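Read off the chains here:
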Amino acid sequence: PPGKPTLYGSVTRRGLSSDGVPDIAASEGFVVGEVTKKSILISCPHENVSTKFLAPYTSFCRIHQKSITCLDISSGGGLGVSTSTDGTMKIWQAANGEIRVRASGLDVLCSAWSQQPSSAWETWCFSCVYEQSLWFHAGILDTAIVDRGRNVLSCSRDGTARLWDCGKSACLGIIADCASPVNGIAVGTADSSLNLGTPEKPPSEREVGTEGKILLLAREDKKLQGVGLQSRQPVFLFVGSDAFNCCTFLSSTYILAGTQDGNIYQLDVRNTNAPVQVIHRSGAPVLSLLPYQDGFIASQGDGTCFIVQQDLDYVLDLTEADCDPVYKVASWEREIYTCCRDGIVRRYQLSDL
């Protein structure tokens, strides 16, 4: 825990059982709980904390040749999309990593799936956003889908967040201009008690699904901002301890945002004067946040990737990234996918936990 001396210990494998489960022993101060072929539960009774370490079910090493900066899984769980510093964007089979579509020669930093049923539409939608970015929106750092994908949001190093019409390949407007790079965005349905403001002019007929939505902006200048998506009006502004890298919705009331110095802030959008809680596991940058069941998944720049859930009395650590940054996390049902600087996509299965 922050402010307390670090407790060090070790675990040793003493052998294997007849069905291949390792026999694990821990040094003084630590206790080994349940052990399977893919997981080890370790507790520290002195601090009343427990962590279950989970190994990947499988790893895909041949999708990209260099660091993978972003990935997402389609709504049906069958396909993944990823981007890399090798200059490619690829669509692949989520079950085995087999590549289905590739695009090369592009410096693509982010990608995501819409909820449209056609994979062709989903892929085309994001190429449109990329083409527009060449002309109007330099250095896109994150994207978000509005409802089923007719409109897409993006944020950029130029300090703006913009709304795009995929069908017309056109920018529908600047949602916010922050005068500071916007590192991450998230869109969600606002709590009914929030005043989202009124648009200065009627929205375009091409703008679909923006009413009642709030846009979160994770800003480089240590600010987390909420903006009414349809009104373009500010809703709240929270100042954190360092640059905000990412943000997400847990519900219409609660949000999460992660900073460069390792803090994860949970906020109530109805009152952002003080955080509900601040989670700090290490000083490494928080690179991605994803709501998962009744909790969330977070990844950090030191290779840490962990899951916190209300119904678990332990933290679940996704292992094998070692000290390489885990840039992005995606999920489908009980499967978790991570992408890393080491160029590997790892797939974890939580069905057996």
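Numbers given to residues run from 1 along each chain, matching the order in which its sequence is written. Local features in this predicted model are restricted to residues of pLDDT 70 or higher, and side-chain atom pairs are both shown and tallied only at a pLDDT of 80 or more, whereas totals for entire chains, interfaces and linings draw on every residue. Side-chain numbers here rest on the full set of heavy atoms in the structure, without hydrogens or water.

- As annotated in an unreviewed UniProt entry, the protein carries the name PAAF1 factor and comes from Leptocoma aspasia.

1. What about the sheet that holds strand β15 (residues 182-189)?
Thinking step 1. Strand pairing requires that DSSP identify at least two bridges connecting the strands. Runs of H or I in DSSP of at least four residues are treated as helices and runs of E of at least two as strands, each being numbered from the N terminus. Ordered by their spatial adjacency, 4 strands build an open sheet running β15-β16-β17-β18, and the pairing between neighbours is antiparallel. Whereas interior strands pair on both sides, the edge strands pair on one side only; in this sheet they are β15 and β18 (234-239). The average angle at which neighbouring strand axes cross in this sheet is 15°, direction not considered.
Thinking step 2. As paired elements, β15 and strand β16 (residues 213-219) share 7 bridges and run antiparallel to each other. Among the inter-strand pairings, G184 is bridged to a residue of β16, identified as A218. Lines fitted to the C-alpha atoms define the axes, with helices restricted to the stretch that makes contact. Angles between their N-to-C directions range from 0 to 180 degrees.

2. A look at the pairing of strand β26 (residues 315-318)
Side-chain direction in a regular strand flips from residue to residue, so the side chains alternate between the two faces of the sheet.
Thinking step 1. Relative to β26, strand β5 (residues 49-54) is paired through 4 bridges, and the arrangement is parallel. By the bridge assignment, F53 is partnered in β26 with D317.
Thinking step 2. Judged from the 2 bridges that link them, strand β25 (residues 305-309) and β26 form a sheet pairing that is antiparallel. For I307, the partnering residue across the bridge sits in β26 and is L316.
Thinking step 3. Connecting β25 to the next strand, β26, in antiparallel fashion are 5 residues.

3. Some words on the environment of V315
Thinking step 1. Tracing the backbone through its elements, the reader meets V315 in strand β26.
Thinking step 2. For the pair V315 and S50, spaced 265 residues apart in sequence, the C-alpha to C-alpha distance is 6.5 Å.
Thinking step 3. Any pair of residues with heavy atoms lying within 4.5 Å of one another is described as a contacting pair. Apart from residues lying up to four places away in sequence, V315 is in contact with S50, T51, K52, R281, F306, I307 and V308.

4. Comments concerning unusual backbone geometry
Thinking step 1. Positive phi, close to 55°, is recorded for N48, a residue that is not glycine.
Thinking step 2. Considering the arrangement of structural elements, one finds N48 in the loop between β4 (39-44) and β5.
Thinking step 3. One non-glycine residue with positive phi stands out, namely D322, at about 60°.
Thinking step 4. You can see D322 is positioned in the loop between β26 and β27 (326-332).

5. Quick word on the pattern of salt bridges
Thinking step 1. The salt bridge criterion pairs a side-chain nitrogen of Lys or Arg with a carboxyl oxygen of Asp or Glu, the two atoms within 4 Å. For the structure shown, the criterion picks out 14 salt bridges.
Thinking step 2. Residues E207 and R232 are paired through a salt bridge, measuring 3.1 Å at the closest nitrogen-oxygen approach. You can see E207 sitting in the loop between β15 and β16 and its partner R232 sitting in the loop between β17 (223-228) and β18, a full 25 residues away along the chain.
Thinking step 3. Each residue is placed in one exposure class: buried if its accessible area under a 1.4 Å probe, protein chains only, is under 20% of its type's maximum, exposed if it is over 50%, and partly exposed if it falls in between. Overall, E207 belongs to the buried group, its relative accessible area being 10%.
Thinking step 4. The salt bridge partner of E320 is R346, with a shortest N-O separation of 4.0 Å. Of this pair, E320 sits in the loop between β26 and β27 while R346 sits in strand β29 (residues 345-349), and the two are 26 residues apart along the sequence.

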